[in-house]
Amino acid sequence: MSESKLEPKVKEIGEQGLLQKLHRFCPADIIGDDAAVIQTLPEQSLIVTTDVLVEGVHFSDRTTSPEDAGWRAAAANLSDLAAMGATPLGITVGLAINGETPVSWVEKLYQGMNHCLQIYHTPIVGGDVVRSPINTISITAFGQANPNCIIRRGNAQPGYAIVVTGIHGASKAGLELLLNSEIGKTLSDTDKNTLIKAHQRPKPRLDILPILSEILSSYSPIPIAGMDSSDGLADAILQICNFSKVGAKIERSQLPIPPAFPHWLSPQQSLQWVLYGGEDFELVLCLPLEIAETLVNQLGKESAIIGRITKEKTVQLIDSTGNYPDEILHLSQGFQHFK
């Protein structure tokens, strides 16, 4: 048998396995979070993140207009900056485009990006355009943050509360409604439109940062752990626990779900979309209980404390009512690019 046939394929080691191999080419103290941190000045660090969206994988004409594709591309990168506690400075756009693509599609794509970016006072500052058989959008976003206030995946500590800044499962529900409108027959038009908008026009939670900063100003510097939930709520919790070398207990009844779910979906389907649906772009934060309670009180009812960090290395989904058995969560249960 030839040597090439014995070599593992990317699909066999998966996204996380591939990332582990690529990490050895980068400085260990820079990579691993939602964005890289490069210290430039004593009181400011440059935060850099890149995200790639491929037609047919992340967007398609069936579910996403070019304006919505542009919005989602910009929102994904701004969400990564928010997950690091960074204020955006600008983005560059790398566009790989099929020559048969209408010019109007490209213009609408950029209009969608601009509509999202303008809300957060973030300009497009450059980029590149190349020919490709598949339309692909690659965005690099730049932000800045105080080095003492950067949110990292590896900062979670036993006893910390786990906060989610909003409901989960809405984007997945919106996608399913776009793919099959028949499943939404029992939903009101308002509920359907709300869920579809959650998928097409997600909002990066940059609004959380000044609120969190104001709360933290009353305390000595405290390490805050977190990331966004773009790859799913369960994925975010598991990634934080892996990097922090801790575990977690998540209370099923505290998971914030869309109001439409209880009378539309079975409990198991609802749970699946909440934990693994992805692309909700909320923040998952781990911080001391007192600070967590203050933050949730200020954010309102869609945010919640859903559990706590533990010394044990497992991540458990528990049900204090006793109606459902406890579950152990694993990264393999969520979305993986090379499955």
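Residues numbered from 1 in each chain as written. Predicted model: local features only at pLDDT ≥ 70, side-chain atom pairs only at ≥ 80, totals over all residues. Heavy atoms only, no water.

**As for helix H10 (residues 289–299)**
Looking at H10, one finds that the buried residues are Ile291, Ala292, Leu295 and Val296. All buried residues of H10 fall inside an arc of 130 degrees around its axis, so they share one side. H10 presents Glu290 and Asn297 as exposed residues on the side facing more than 90 degrees away from its buried surface. The elements touched by buried residues of H10 are strand S6 (161–164), helix H7 (208–216), strand S9 (283–287) and strand S10 (304–310). Looking one or two residues beyond H10, the residue adopting positive phi is Gly300, at roughly 105 degrees. (Buried < 20%, exposed > 50% of the residue type's maximum accessible area, 1.4 Å probe, protein only. Helix = DSSP H or I, 4+ residues; strand = E, 2+ residues; numbered from the N terminus. Arc of directions from axis to C-beta. Contact = heavy atoms within 4.5 Å.)

**Comments concerning the environment of Thr165**
Here Thr165 is to be found in the loop between S6 and helix H5 (170–179). A residue is classified by how much of its surface remains accessible, and Thr165, at 3% relative accessible area, is buried. Sequence separation of Thr165 and Glu302 is 137 residues, and the distance between their C-alpha atoms is 7.0 Å. Apart from residues no more than four positions distant in its own chain, Thr165 is found in contact with Arg205, Ile208, Glu282, Leu283, Leu285, Leu299, Glu302 and Ser303. Within polar-contact distance, the side chain of Thr165 engages the side chain of Glu282 at 2.5 Å. (Polar contact = N/O pair within 3.5 Å; in protein donor to acceptor, adjacent residues only side chain to side chain.)

**Observations concerning the packing of helix H3 (residues 66–83) against helix H4 (residues 103–119)**
For the pair H3 and H4, the least separation of the axes is 6 Å and the interaxial angle reads 40 degrees. Relative to H4, the element H3 is oriented oblique. H4 is crossed by H3, and the crossing has right-handed handedness. When H3 is examined against H4, the residues Pro66, Glu67, Ala69, Gly70, Trp71, Ala74, Ala75 and Leu78 are found in contact with a partner set consisting of Trp105, Lys108, Leu109, Gly112, Met113, His115, Cys116, Leu117 and Ile119. Looking at the contact of H3 with H4, its residues break down into 12 nonpolar, three polar and two charged. (Axes fitted to C-alpha atoms, helices over the stretch in contact; angles between N-to-C directions. Parallel < 35°, antiparallel > 145°, perpendicular 65-115°, else oblique. Left-handed = near helix turned anticlockwise from the far one by under 90°. Nonpolar A, V, L, I, M, F, W, Y, C, P; charged D, E, K, R; others polar.)

**A look at the UniProt feature "binding site: Mg(2+) 2" (unreviewed entry) in the protein chain**
When the UniProt feature table is mapped to this numbering, "binding site: Mg(2+) 2" (unreviewed entry) covers Asp51 and Asp80. A compact arrangement is adopted by the annotated residues: their sequence extent is 30 residues, whereas the largest C-alpha distance between any two is 9.0 Å. Its place among the elements puts Asp51 in strand S2 (residues 44–54). Position of Asp80 relative to the elements: it lies in helix H3. For Asp80, the side chain forms a polar contact with the side chain of Thr49, separated by 3.3 Å. (UniProt positions renumbered as here; feature names shortened; annotations may be inferred.)

**A few points about unusual backbone geometry**
A positive phi is found at His121, a non-glycine position, where the angle reads about 55 degrees. Positive phi is not limited to glycine here, since Lys245 has a value of about 60 degrees. The residue Lys245 is located in the loop between helix H8 (233–244) and strand S8 (247–251) in this model.

**Quick notes on the packing of aromatic side chains**
The geometry of two aromatic rings is summed up by the distance between their centres and the angle between their planes. Applying the stated criterion across every chain yields a total of four aromatic pairs. Ring geometry for Trp264 and Trp273: centres 5.9 Å apart, planes at 65 degrees, overall edge-to-face. For Trp264, a relative accessible area of 13% translates into the label buried. You can call Trp273 buried: its relative accessible area is 9%. Through successive ring pairs, a cluster of aromatic residues spans Phe261, Trp264 and Trp273. Here the basic side chain of Arg252 rests over the ring of Tyr324, its NZ or CZ set 3.6 Å away from the ring centre. (Phe/Tyr/Trp six-rings, centres within 6.5 Å; stacked < 30°, edge-to-face > 60°. Lys NZ or Arg CZ within 6 Å of the ring centre and 35° of its normal.)

**What to know about the UniProt feature "binding site: ATP" (unreviewed entry) in the protein chain**
According to UniProt, the positions carrying the feature "binding site: ATP" (unreviewed entry) are Tyr110, Gly127, Asp128, Arg152 and Ser230. Take Tyr110: it is sitting in helix H4. Excluding anything up to four places from it in sequence, Tyr110 contacts Val93, Leu95 and Ile124. Structurally, Asp128 is set in strand S4 (residues 124–131). Excluding residues within four positions of it along the chain, Asp128 makes contact with Val93, Gly94 and Leu95.

**Regarding H4**
For H4, built from 17 residues, the straight-helix expectation of 24 Å at 1.5 Å per residue is met to within 8% by its first-to-last C-alpha distance of 25 Å. Residues of H4 that are buried: Trp105, Val106, Leu109, Gly112, Met113, Cys116 and Leu117. The buried residues of H4 occupy an angular sector of 130 degrees when projected down its axis, which confines them to one face. Within H4, the exposed residues directed more than 90 degrees away from the buried face are Val103 and Gln118. Along its buried surface, H4 packs onto H3, strand S3 (87–97), S4 and strand S5 (136–145). Immediately beyond the C-terminal end of H4, within one or two residues, lies His121, with a positive phi of roughly 55 degrees. (Expected span 1.5 Å × (residues − 1).)

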